[in-house]
Amino acid sequence: MNKSGIVSLALALSVLVFSCGKQEATPSAKVGLIAEKAMVVSAREEASQIGLEILKKGGNAFDAMMATEMALAVAFPFAGNLGGGGFMVYRMADGSVGSIDYREKAPQAASKDMYLDEYGDVIPDLSTKGALASGVPGTIAGIFEAQAKFGKLKPAEILQPVIDLARNGFVVTKAQAERLQRNREVFVEVNGPETFFAKEIKEGDTLKIPILAATLERIAKNGRDEFYKGETAKILARHMQEKGGIITEADLAAYEAAWRDPIVFPYRDLKIISMAPPSSGGITLAQILSMLEQHDLKKLGHHSPEYIQLLVEAERRAYADRNFYLGDPDFVKIPVDQLLDKEYLKSRMSNFSFEKATKSEEISEGKIAFAESMETTHYSIVDAEGNAISVTTTLNGAYGSKVYIDELGFFMNNEMDDFSSKPGIPNMFGLIGAEANSIAPGKRMLSSMTPTIVEKGGKLWMVVGTPGGSTIITSVLQTILNVAEFEMGMQQAVEAPRFHHQWLPDLVNFEPDSFDSTLIATLKSRGYLINEKNSPIIGKVDAILVLPDGKLEGGADPRGDDKAVGF
């Protein structure tokens, strides 16, 4: 090679090295959708779009809640539902806050030992599959109660585009086709070979559900009582009993959603508004953040071994308390003030050391004077008036109990598994429950759902939540910290890899292929037990951040088919 060629090559290599180095030093952060006035972020584009159309028509966040939730029931039957329940936290434009609990309830014929055999052992699948696994649904009661109190439009007007979606159909995504295929055999096992979802459904198919459109039309015409006292209630109760369930017309007629005061607490310069029991989300999130507050997280570094240790140890202690003390506040006395006491939480971390892991067997519930699946769904809404809602809703397992009511067009929940079938025995997601969460007629089961709103400087700052069963709380926690401590944007915060610990089993779960092997080795050397098997996706966060100029940035999780839309 001649001299000029060597010089040219050297220059090219130096430019390449320089540009690579520069790129490493300042990675470009992905920015989510930016909107001027209003935004909806949910698990399906169809649902987000229908919610946004209601906002454009002059509806507010509570009108859009009804539209989005029902559109998810059509286009995302995996978790969207009429046959399940959920929680909603709101913040009005004037700063007032509140929440509604439309969690399912145990039927009146339920009993503490209903899932145990003659030897007192848990009968496999009884609380997770089939009609006996279902609690009394709360979704229709919740969305109608919230819309009646705060909404502006008529329910029939809100529900019409949802009815059209069910009748005209929606395009099946790749992920959706795979989920339906995986569950086909069990759909047939539970419902028989003629059931609607026994057929093969492929990616790209347009799926129409006319029977669900008819059910929604009756609800639009007759209101919430259609579901709880009308023809729909009669069909639902009859079907469940024919399938061996215990939900009756009387159970449906007696169901009411409950307005509750949210858990409100400070973290540094932020004010966090989250869900109170029977959701464990707000209290557990508050405990973890309080335990973290005395440390400089930014100085530790994002995803450094020390940062992960600190979060894991705080999570370990908070989940131990969650599993022992929390349940339905209408049935058990929950020591909320003591659980959130700063000195108590400081004492909980007194035996923490950066040198080595604390073993979960050494941690019990704190001494002071069990859980649902990955198959939940969440949506966040901010309207043009500045009202914000954070909503998490679920059937519990994938397609709930797998019971599909062909006469009505929807799946029923398997939420009874969120009770402690037997105190001390883990449920389907490894959560250990105690007496506080034992089964009783009319009782609501404990949940991990954590719909959350964050204020900064007295103004709305973030709306956040996720599905993910026991990982919900830790996913919401890390998303908030990603923005508050590490100055990420909303989309960047949502996309960042996540990790999880829940006390028992004593394993740290990391998202696959997302964390450096050296980091994992460092944690192992300090005594942490790492889940080496294929760890599931940890949450699918859908969130909204209010930017300094007042515009909104949506964070839609690419781990699913999630979509942010706005105007």
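As a starting point, this report considers the structure included with it.

Conventions used here
- Residues numbered from 1 in each chain as written.
- Predicted model: local features only at pLDDT ≥ 70, side-chain atom pairs only at ≥ 80, totals over all residues.
- Heavy atoms only, no water.
- Helix = DSSP H or I, 4+ residues; strand = E, 2+ residues; numbered from the N terminus.
- Buried < 20%, exposed > 50% of the residue type's maximum accessible area, 1.4 Å probe, protein only.
- Areas by Shrake-Rupley, 256 points an atom, 1.4 Å probe, with all protein chains shown as cover.
- Salt bridge = Lys/Arg side-chain N within 4 Å of Asp/Glu carboxyl O.
- Core = buried A, V, L, I, M, F, W, Y, C linked by side-chain atoms within 4.5 Å.
- Contact = heavy atoms within 4.5 Å.
- Axes fitted to C-alpha atoms, helices over the stretch in contact; angles between N-to-C directions.
- Parallel < 35°, antiparallel > 145°, perpendicular 65-115°, else oblique.
- Left-handed = near helix turned anticlockwise from the far one by under 90°.
- Nonpolar A, V, L, I, M, F, W, Y, C, P; charged D, E, K, R; others polar.
- Pairing = 2+ DSSP bridges.
- 1 Å grid on protein atoms, 1.4 Å probe; cavity = no way out; pocket = protein on both sides within 12 Å on 5 of 7 lines; lining within 4 Å.
- Points joined across faces, edges and corners; volume = space filled by probe spheres on them.

1. Focus: the overall build of the protein
When helices and strands are counted, the protein shows 18 helices and 20 strands. Taking all 567 residues of the protein together, 61% fall into the buried category. Accessible surface computed for the protein: about 21300 Å², of which carbon and sulfur atoms make up 54%.

2. Let's talk about the pattern of salt bridges
Evaluation of the coordinates by the stated rule reveals 33 salt bridges. Between E485 and R268 there is a salt bridge whose closest N-O contact spans 2.6 Å. With relative accessibility at 35%, the residue R268 sits in the partly exposed group.

3. A short note on the nonpolar core
Counting 87 residues, the largest nonpolar core has L82, M88, L236 and I389 as its most contacted members. Sort the elements by how many residues they give to this core and helix α3 (residues 61-75) lands first, with twelve residues. Excluding anything up to four places from it in sequence, L82 contacts M70, A73, P137, T139, I140, L212, T215, L216, I219, F227 and F410. Core analysis: the next-biggest nonpolar cluster, separate from the first, contains 82 residues, L326, M462, V476 and W503 among them.

4. Quick word on the packing of helix α11 (residues 281-292) against helix α16 (residues 472-484)
Running from amino to carboxyl end, α11 crosses α16 at an angle of 45 degrees, the nearest separation of the two axes being 10 Å. Regarding the angle of α11 to α16, the classification is oblique. For the crossing formed where α11 meets α16, the hand is right-handed. Here α11 contributes G281, T284, L285, I288, L289 and L292 to the contact with α16, which in turn contributes I473, V476, L477, I480 and L481. For the contact of α11 with α16, a count of residues per class yields nine nonpolar, two polar and no charged.

5. Quick word on the sheet that holds strand β20 (residues 563-566)
If you trace the seven strands from one edge of the open sheet to the other, you get β7-β4-β3-β11-β10-β2-β20, paired in antiparallel fashion. Two strands in the sheet have a free side with no partner beyond their single neighbour: β7 (258-260) and β20. Going from strand to strand, the sheet's axes swing by 15 degrees on average, the running direction of each strand aside. Looking at chain direction, strand β2 (residues 39-42) and strand β10 (residues 376-382) are connected through three bridges and run antiparallel. Each bridged residue has a counterpart across the sheet, and for V40 the counterpart in β10 is I381. Sheet strands in contact with helix α4 (residues 139-150) are β3 (85-91), β4 (97-102), β7 and β11 (388-394), and its direction is about 150 degrees off that of β4.

6. Observations concerning the sheet that holds strand β1 (residues 34-35)
Strand order in the open sheet made by the seven strands is β1-β19-β18-β15-β14-β9-β8, with antiparallel pairing throughout. In the strand order of this sheet, the two ends are held by β1 and β8 (263-267), each with one partner. Pairing analysis gives two bridges linking strand β15 (residues 459-464) to strand β18 (residues 542-546), with the strands arranged antiparallel. Its bridge partner lying in β18, V463 is registered against I544. Along the sheet face, α11 touches β8, β9 (270-274) and β14 (452-456) and points at about 15 degrees away from the line of β8. Of the strands in this sheet, β8, β9, β14, β15 and β18 are in contact with α16, which crosses β15 at around 140 degrees.

7. Observations regarding the pairing of strand β19 (residues 552-556)
The buried fraction of β19 amounts to five of the five residues, a majority that puts the element mostly inside the structure. Burial along β19 is two-sided: the residues L552, G554 and A556 and E553 and G555 are all buried. With two bridges joining them, β1 and β19 adopt antiparallel strand pairing. Bridging across to β19, A35 finds its partner in L552. With five bridges connecting them, β18 and β19 associate as antiparallel partners.

8. Brief notes about the packing of helix α5 (residues 155-168) against helix α7 (residues 210-222)
One can describe the packing of α5 onto α7 by two numbers: an axis separation of 8 Å at closest approach and a directional angle of 170 degrees. For the element pair α5 / α7, the angle class is roughly antiparallel. Here A156, L159, V162, I163, A166 and R167 of α5 come into contact with α7, specifically with P210, L212, A213, L216, E217, I219 and A220. Residues belonging to the contact of α5 with α7 are distributed by class as follows: eleven nonpolar, no polar and two charged.

9. Describing empty space enclosed by the protein
In this approach, a probe sized like a water molecule rolls over the atoms, and the result shows the empty space that is left. By volume, the largest cavity amounts to about 70 Å³. Taken together, 13 residues line the largest cavity, and the ones lying closest to its centre are A73, P77, G409, F410 and F411. Looking at side-chain class alone, the lining of the largest cavity contains ten nonpolar, three polar and no charged residues. Reported here for the second largest cavity is a volume of approximately 40 Å³. Lining the second largest cavity are A43, F76, T376, T377, H378, P467, K540, D542 and D562. Counting residues per element, the lining of the second largest cavity draws most heavily on β10, which supplies three residues. Of the residues contributing to the lining of the second largest cavity, the split by class is three nonpolar, three polar and three charged.

10. Some words on unusual backbone geometry
At the junction of P277 and P278, the peptide bond is cis and its omega measures out at 20 degrees in the coordinates. In this fold, P278 is placed in the loop between β9 and α11. One non-glycine residue, H303, adopts positive backbone phi at about 60 degrees. Mapped onto the fold, H303 is located in the loop between α12 (297-300) and α13 (305-325). Looking at H303, the relative accessible area reads 16%, which means it is buried. One non-glycine residue, N396, lies in the positive phi region at around 85 degrees. Residue position: N396 is located in the loop between β11 and β12 (404-405).

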